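Observations on the three-dimensional arrangement
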Amino acid sequence: MPAIDEAATVNFDTVAREWRCKWSADAGKISLTKIQELVEKYSEQLKAIPHVKKVQRVVCGGCLDFKLSIAVAAVAFPDWEAKKFEPEEEFLTALKDIEGVSMIETQTYTLMDV
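Below is a short write-up of the structure. For clarity, every value in this text was computed on a predicted model and none was experimentally measured.

Rules used throughout
- As a convention, each chain's residues are numbered from 1 in the sequence order in which they are written.
- Restriction of local features to residues with pLDDT of at least 70 applies here, the model being predicted, together with a cutoff of 80 or more for giving and counting side-chain atom pairs; totals for whole chains, interfaces and linings are based on all residues.
- The basis for the side-chain values is all heavy atoms of the structure; hydrogens and waters are excluded.
- A pair of strands counts as paired when DSSP detects no fewer than two bridges linking them.
- In this description a helix means any DSSP run of H or I spanning at least four residues, a strand means any run of E spanning at least two, and both kinds are numbered starting from the N terminus.
- In this analysis, axes come from line fits to C-alpha atoms, helices being fitted only over the stretch in contact, and the angle between any two N-to-C directions falls in the range 0 to 180 degrees.
- Only buried Ala, Val, Leu, Ile, Met, Phe, Trp, Tyr and Cys residues count toward a nonpolar core, and they belong to the same one when joined by side-chain atoms within 4.5 Å.
- Only protein chains enter the area calculation, which uses a 1.4 Å probe; residues under 20% of their type maximum are buried, those over 50% are exposed, and those in between are partly exposed.
- Here, two residues are considered to be in contact whenever any of their heavy atoms come within 4.5 Å of each other.

**Observations concerning the sheet that holds strand β4 (residues 102-111)**
Pairing within the open sheet is antiparallel, and its four strands lie in the order β2-β3-β1-β4. Single-partner strands in this sheet number two, and they are β2 (52-60) and β4. Shown here is a sheet whose adjacent strand axes are inclined to one another by a mean of 15°, direction ignored. Pairing geometry for strand β1 (residues 14-22) and β4, over eight bridges, is antiparallel. Residue pairing in the sheet places W19 in a bridge with T106 of β4.

**What about the nonpolar core?**
Judged by nonpolar contacts, the single largest core of 25 residues is most densely connected at I35, F66, L68, F91 and L95. Secondary-structure elements contributing two or more residues to this core are β1, α1 (26-47), β3 (65-73), α2 (77-82) and α3 (88-96). Among residues more than four places away in sequence, those in contact with F66 are W19, R20, C21, W23, L32, I35, V39, R57, V58 and V59.

The structure is reproduced here in structure tokens:
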């Protein structure tokens, strides 16, 4: 099992790629509605990523955060990374086209049940 630290005590078996942005509360929160429609459009494709463990959405109504986390088995992550996290580029481009969406970012992190 991979580890982050040299002592090999911070192990992980899952790596996640997060796509996140801010959405606007304007116009009945329509930007959030449009983001959800985008998620639904890509849902099956994301769930079909080899060794995907979970696709999870996080929304904060207070700070207007939207996050989509795609978790895959650590052993499969390098292959998905080599494919530029497909369909990340296409998804983020569509996200940029939604009025009211800002601060689009990505992050990679490890996960492990404790």
